[in-house]
Amino acid sequence: MKKWIPVIGVAALVAALGVWHLAAGKRPEWTTSSPQALAEFQAGMDSTMKMYTGEAQKHFEKAVQLDPDFLMARLELLLTGNQKGEYRKDKLKALVESADLDRLNPRERFMVERLKAGIEGRRADADKILDDYLAQHPEDPYALFEKASVLWHTGKLDEAKKLFQRLIKVAPNWVLAYNSLGYIAMQLEDFEKSEENFTTYRFIAPDQANPHDSLGELLNLTGRYTEAEKELDAALATKPDFCASYNHLAWTHLLEDRPEAARQDLQRLSREEGCATWVNETRCMVDLWAPARQHQWKQVLELAKQDDCLKDGKLGSGPGGLYAYTAAAMLGDNELCDKVEAPLEKAIAKEGKAPHLEAVLSHLQGVRAAAAGHYVKAAKLLRKADEGLTFAGSADGLFKLYNQACLAEVLQKAGDASGAVAVIRQVRRVNPKMAQSFESGRWRPLGV
């Protein structure tokens, strides 16, 4: 599973720091008067490093109960909890504003000040706080991990890679660095190196679910479905409530054209109490897959509305929303298409520069143009989308391949056979099975 570290985030970073201290034989320096609270906090940090969010939250809850003044535990509890949106932001803001910085050690003070700057939208200040701290503590693995993650998040992949590699030298047991390096290699389209990093991650942390899950994502993207299934099964055997692996396993079975197996994955996911946030996305994907493949657009739209696959008109993170939008475009439901595009346009205007969001919007507009029979325009928009999409993870990568297949289809309709062949060649380079499915005529994403 890919772990993006927000610019103002501290959750995984605090966890990683705790692991570093334990590996170095040092006592973690966290400000609490309760040894029991500290023990719970360290257990929460360890769970966060493994991406076991539910377990981490329980440990942080206990730490706060044992020491209500334990600031870092209270921050972690908010960051790993279920609160979202403005409510969580307001709670975090109130907490950092009320913090007595004089009671904190330098690292805690740095974390709180950076978080506060981020919450207040002072991005330049947040970056300066990080750089100033790192200049004073150049081998602090926490600061190295934070800086590398920021570079990764902002698209400076080569710089991020070098810093994660430096982190491994400073703290060889910092296993999340290998996970990050694996996804960076995916994004750079060096799939061999990505597999090497994920395999190393699995070797170092054989008792954790995430190394298997991350490797399974890579294998999924590259069409090695049998191997992907094996890794994802191993992740769930290691930790039966590792929610992401059910979703990725359903992806695998759908890509193998085994919708009933995917439905069983959904059922297993639904039975896990801590996986509720994954259920809707996975259900939409599973329910809409077959009718979308068969271009039964009316059924797709009916199921999408039934399953609430377009929450408040937003696409969400799974393919269900894309299928619903495509169905609306094919059925001429311009009102629904406008409703889906509007929040993307608003977010792009707010951000100023948002390559991924712009690529998603271009894809939608390309699909809409194709549905209206404007194939040359559609091809132009889908090419623009392809330029902004990456292989940053299996979901992003599969979307990029899907967009390329859409492009090949509209190029064929526009009479550009050689252009279509060239695009499918790009698909084949990453996922030969997906390319073969398109070339054989068994699959056309749009059915125009």
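About the thresholds
- Once a new chain begins, its residue numbering starts again from 1 and follows that chain's sequence as written.
- Predicted model: local features are reported for residues with pLDDT of at least 70 only, side-chain atom pairs are reported and counted for 80 or more only, and whole-chain, interface and lining totals are derived from all residues.
- Based on all heavy atoms of the structure, the side-chain values leave hydrogens and waters out of the count.
- Pairing of aromatic side chains here covers Phe, Tyr and the six-membered ring of Trp, requires ring centres within 6.5 Å, and sorts the geometry by plane angle: under 30 degrees stacked, over 60 edge-to-face, intermediate tilted.
- By the criteria applied, helices consist of DSSP H or I runs no shorter than four residues and strands consist of E runs no shorter than two, each listed in order from the N terminus.
- The rule is simple: take the accessible area with a 1.4 Å probe, protein chains only, and divide by the maximum for that residue type; under 20% is buried, over 50% is exposed, in between is partly exposed.
- Two cysteine sulfurs form what is called a disulfide whenever their separation falls within 2.5 Å.
- For this analysis, a salt bridge means a side-chain nitrogen from Lys or Arg found within 4 Å of a carboxyl oxygen belonging to Asp or Glu.

The subject of this paragraph is the packing of aromatic side chains. Counting across every chain of the model gives 15 aromatic pairs. Judged by centre distance (5.4 Å) and plane angle (65°), the rings of phenylalanine 110 and tyrosine 142 are edge-to-face. Highlighted residues: phenylalanine 110 in helix 6 (residues 106–119) and tyrosine 142 in helix 8 (residues 141–153), separated in sequence by 32 residues. Each member of the pair phenylalanine 110 and tyrosine 142 is classed as buried. Summarising the aromatic geometry, the rings of tryptophan 251 and tryptophan 289 are spaced 6.2 Å apart at their centres and angled 85° between planes, so their arrangement reads as edge-to-face. Of this pair, tryptophan 251 sits in helix 14 (residues 243–255) while tryptophan 289 sits in helix 16 (residues 276–293); the two residues are 38 residues apart in sequence, bridging distant segments of the chain. Exposure class is identical for tryptophan 251 and tryptophan 289. Each is buried.

Disulfides are covalent bonds that connect the sulfur atoms of two cysteines. For the coordinates displayed, the defined rule picks out 2 disulfides. The residue that forms a disulfide with cysteine 243 is cysteine 275, at a sulfur-sulfur distance of 2.1 Å. Looking down the S-S bond of the cysteine 243 and cysteine 275 bridge, the torsion is -85°, so its handedness is left-handed. Highlighted residues: cysteine 243 in helix 14 and cysteine 275 in the loop between helix 15 (259–271) and helix 16, separated in sequence by 32 residues.

Looking now at the pattern of salt bridges. Counted under the stated rule, the structure contains 24 salt bridges. Its salt-bridge partner being lysine 50, residue aspartate 46 comes within 3.4 Å of it at the nearest N-O pair. The partly exposed category is assigned to aspartate 46, whose relative accessible area is 32%. A salt bridge links glutamate 341 to arginine 368; its shortest N-O distance comes to 2.9 Å. One end of the pair, glutamate 341, is in helix 19 (residues 334–351); the other, arginine 368, is in helix 20 (residues 355–371), with 27 residues separating them in the sequence. Residues joined in a network through salt bridges with shared partners are Lys116, Glu120, Arg122 and Asp125.

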